[in-house]
Amino acid sequence: MKYCIVVVDDEEICRHQLKNMLARYSAEEGIETEVRFYDKPLAFLQNYRSDADIVFVDIKMPGMDGMQLAESLRAADKETAIIFTTSFLRYAIEGYAVQASGYLLKPLEYEQFRLTMRRVTSAIGARVNKTITVKDENGVKRIPIKDISFIEVFGRELTIHLATGGSVNTKGTLRGLEEELTPYGFFRCAHSFFVNLRRVNAVGKSDITIDGKIIPISRGTKKEFLAALAEYSGNN
């Protein structure tokens, strides 16, 4: 897979070091990367497209420090891996609040960088590659779990709505998919709707918004839904 990586650091020498380390690691591991660089936290947040796999964040920056940036990033993106670069090990404790994936101590050393990248990219690969298998009119399909927005049921017909805007129709009951997908952050918000908590954009009085689509939520499950959403957000 191709990894989208962002570096946010106000020090040019550190941006240059990470650029060289990423190029070396990509060559050694045979992976493809797209790397973007920012020297100002606000510029990064204003331009963020929720497409980054890994974000390197310097903790000590003027205007907005790296921890504040990470909090804003985590509010918008639950799964992006955040790796802090810092001269102070004490900041590692604070990183638990934003589920940091790692720390690189300055001055940066390649071996520490390599081990951190290997661990983080392995975790990303395992998450991205999880799929479900269903049958439609054209045969068997493997659907990445992360690409599912929600599943809608009509009798014994299931429509799997995708984040890309498309959908897959298959026969079956929701019960089987519930058992398979609940461990990955899915919740049944109404009798006919099973949703990916990762894709939730907003929660209203009687509905939720997922990837721009309005989904009803039953009154009896809203409290449980909000608790599940809060737990998922806290753990991811």
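How each quantity is defined
Residues numbered from 1 in each chain as written. Predicted model: local features only at pLDDT ≥ 70, side-chain atom pairs only at ≥ 80, totals over all residues. Heavy atoms only, no water. Salt bridge = Lys/Arg side-chain N within 4 Å of Asp/Glu carboxyl O. Helix = DSSP H or I, 4+ residues; strand = E, 2+ residues; numbered from the N terminus. Buried < 20%, exposed > 50% of the residue type's maximum accessible area, 1.4 Å probe, protein only.

## So, the pattern of salt bridges
Part 1 of the argument: Tallying each qualifying case throughout the model produces 16 salt bridges.
Part 2 of the argument: Among the ionic pairs, arginine 36 bridges to aspartate 51, the shortest N-O distance being 3.0 Å. One end of the pair, arginine 36, is in strand β2 (residues 32-38); the other, aspartate 51, is in the loop between α2 (41-47) and β3 (54-58), and 15 residues separate them in sequence.
Part 3 of the argument: Since its relative accessible area comes to 13%, arginine 36 is described here as buried.
Part 4 of the argument: Judged by its relative accessible area of 29%, aspartate 51 is partly exposed.
Part 5 of the argument: Between arginine 114 and glutamate 111 there is a salt bridge; the shortest N-O distance is 2.5 Å. You can see arginine 114 and its partner glutamate 111 sitting in helix α5 (residues 110-128), three residues apart, about one turn around the helix.
Part 6 of the argument: The exposure class assigned to arginine 114 is buried, which follows from its relative accessible area of 16%.
Part 7 of the argument: On the basis of relative accessibility, which here comes to 41%, the residue glutamate 111 falls in the partly exposed class.

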